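Understanding the architecture of this molecule
Take a look at the letters that make up each chain.
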Amino acid sequence: MKIIHCADLHLDSKMTANLTREQARERRKEIIRTFTRMVEYAETQDVRAILIAGDLFDTRSVSAMARNTVKDMICTHPQIDFLYLRGNHDSDNFLSKMEEIPENLLLFGDQWTAYRYGSIVISGLERSAKNSATVYNSLVLNHDDFNIVTLHGQLENYAGKEQVERIGLSDLRNHNIDYLALGHVHTFVMDKLDNRGIYCYPGCLEGRGFDECGPKGFVLLDINEQEHRVQTTFVPIAARTFYTIEVDVSGVMTTREAAVRMEQAIAKTSYSSGSLVKFVLTGEVEVDAEINCDYLRDLFTDYFYFEKVYDRTHLRVDYREYENDASLKGEFIRMVLGSELSEEQKAEVIRCGILALSGEEI
């Protein structure tokens, strides 16, 4: 039996953090289209069920287009069960708009709910403050079944700022779990749970920012019931991919020289023209080096779908060179170096000051 494990689709995400209004509108449509392509893939691969481990939508206010697309894909594929566990971004908006829940849309609640497919059992529970104390002790699974358990939340050892339910792997060990299907983390992660099972975050279907770089997609499970084992495959499906390219520009003195280094870095990749790329300039440069990030971004605007350039270089400052420098520049640099600013702040202040003294735009 084949099952797709996906999560964190975030349909209707605004997508305005980096993109223009037109690009954001296009990306919102692409994310919805990626969901339909996943369902179409499931149809061609004879997938029996699609397990959505939370955050199908991004906001409480779901657009008619996103809502209707998801409903239509469910209703037009009755041979596929859609098992939907709501995450911290989901609400009742999607379900409340339906006059009738399709038979192949299977839901989880705040108590453990299980769906059986022969000897394969898929259990899930929506975490809340009410059930946090009993979530693990109330999970009872048959040793002879192939048990899939789905939850949405962050692993207990993660020190994140977001308020989301924590998942204790130690509390889920030795519960007869074969595959722990998780949602919330937007990067593909798979590891051993205990001597019997594994846990997995499939990541999101589409990256939405440069904190979600690299291939995005879902996990295909091919379960052999007789031998009680599973073969897992990560399937990349994103329409576009975010990448970060670090470019060492040590020693360059001009923007043109930095551009040459960037071209050399691009030549070492095979990123498509539809990619979204962030260039991060690194290395050590002279105080008088002139690097204009806005110009570099405009210079490479035709290379990819979206580009941005960050200057993360360090200034090479020899304190002895400015000890007796009677110029305005020397006095300025000595003043900054003698301040209580951090080294990073000193470098940025010196960089801006040198640009100003040279008549350049800051």
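Residues numbered from 1 in each chain as written. Predicted model: local features only at pLDDT ≥ 70, side-chain atom pairs only at ≥ 80, totals over all residues. Heavy atoms only, no water.

Considering helix α7 (residues 328-337)
One turn of the α-helix equals 3.6 residues, which is why residues spaced by three or four share an orientation. Regarding α7, the residues found buried are Gly330, Phe332, Ile333, Val336 and Leu337. The arc that holds every buried residue of α7, seen down its axis, measures 165°, which confines them to one face. Within α7, the exposed residues directed more than 90 degrees away from the buried face are Leu328 and Met335. Residues of α7 that are buried sit in contact with α8 (343-357). Put simply, Ser327 is the residue that caps the front of α7, since its side-chain oxygen is 3.0 Å from the backbone nitrogen of Gly330. (Buried < 20%, exposed > 50% of the residue type's maximum accessible area, 1.4 Å probe, protein only. Helix = DSSP H or I, 4+ residues; strand = E, 2+ residues; numbered from the N terminus. Arc of directions from axis to C-beta. Contact = heavy atoms within 4.5 Å. Polar contact = N/O pair within 3.5 Å; in protein donor to acceptor, adjacent residues only side chain to side chain.)

Quick look at unusual backbone geometry
Of note, His10 is a non-glycine position whose phi angle comes to about 55°, a positive value. Considering the arrangement of structural elements, one finds His10 in the loop between β1 (2-6) and α1 (21-44). Positive phi, close to 55°, is recorded for Asp55, a residue that is not glycine. By the secondary structure assignment, Asp55 is in the loop between β2 (49-53) and α2 (64-75). Residue classification places Asp55 among the buried residues on the basis of a relative accessible area of 1%.

Looking at helix α5 (residues 255-267)
Here α5 contains 13 residues, and its C-alpha end-to-end distance of 19 Å stays within 8% of the 18 Å for a straight helix at 1.5 Å per residue. Within α5 the residues assigned to the buried category are Thr255, Ala258, Ala259, Met262, Ala265 and Ile266. Down the axis of α5, the buried set is contained in an arc of 115°. They therefore lie on one face. Its buried side turned inward, α5 meets β15 (242-248), β16 (276-282), α6 (293-299) and β18 (306-311). (Expected span 1.5 Å × (residues − 1).)

Things to note about the environment of His89
With respect to the helices and strands, His89 occurs in the loop between β3 (81-85) and α3 (93-96). Look at His89 and you get partly exposed, because its relative accessible area is 25%.

Some details on the packing of α7 against α8
Viewed as axis vectors pointing N to C, α7 and α8 meet at an angle of 165°, and their least axial separation amounts to 10 Å. Between α7 and α8, the crossing angle belongs to the class labelled roughly antiparallel. The chirality of how α7 crosses α8 is right-handed. Residues Leu328, Lys329, Phe332, Ile333, Val336 and Leu337 of α7 pack against Lys346, Val349, Ile350, Gly353, Ile354 and Leu357 of α8. Residue classes in the contact of α7 with α8 are distributed as nine nonpolar, one polar and two charged. (Axes fitted to C-alpha atoms, helices over the stretch in contact; angles between N-to-C directions. Parallel < 35°, antiparallel > 145°, perpendicular 65-115°, else oblique. Left-handed = near helix turned anticlockwise from the far one by under 90°. Nonpolar A, V, L, I, M, F, W, Y, C, P; charged D, E, K, R; others polar.)

Brief notes about the confidence of the model for the protein
Per-residue pLDDT for the protein averages 90, and the proportion of residues at 70 or more is 94%. Ranking the elements of the protein by mean pLDDT puts α3 last with 73 and β1 first with 98. (pLDDT = per-residue confidence, 0-100.)

What about the pattern of salt bridges?
Under the criterion given, the structure shown has 16 salt bridges. The closest approach of N and O atoms between Arg27 and Glu206, which form a salt bridge, is 3.0 Å. Of this pair, Arg27 sits in helix α1 while Glu206 sits in the loop between β12 (198-201) and β13 (217-224), placing them 179 residues apart in sequence. Residue classification places Arg27 among the buried residues on the basis of a relative accessible area of 0%. The closest approach of N and O atoms between Glu227 and Arg229, which form a salt bridge, is 2.4 Å. Relative accessible area serves as the criterion here: at 49%, Glu227 is assigned to the partly exposed category. Taking the relative accessible area as the measure of exposure, Arg229 reaches 43% and is therefore partly exposed. Residues joined by salt bridges that share partners form a network here, namely Glu26, Arg27, Glu30, Glu206 and Arg240. (Salt bridge = Lys/Arg side-chain N within 4 Å of Asp/Glu carboxyl O.)

Quick look at the sheet that holds β1
Pairing is mixed across the open sheet formed by six strands, whose spatial order is β4-β3-β2-β1-β13-β14. Only two strands of the sheet have a single partner each, and these edge strands are β4 (105-107) and β14 (229-236). Pairwise comparison of adjacent strand axes, ignoring direction, gives a mean angle of 20° for this sheet. Lying over the sheet, α1 contacts β1, β2, β3, β13 and β14, oriented at roughly 165° with respect to β1. (Pairing = 2+ DSSP bridges.)

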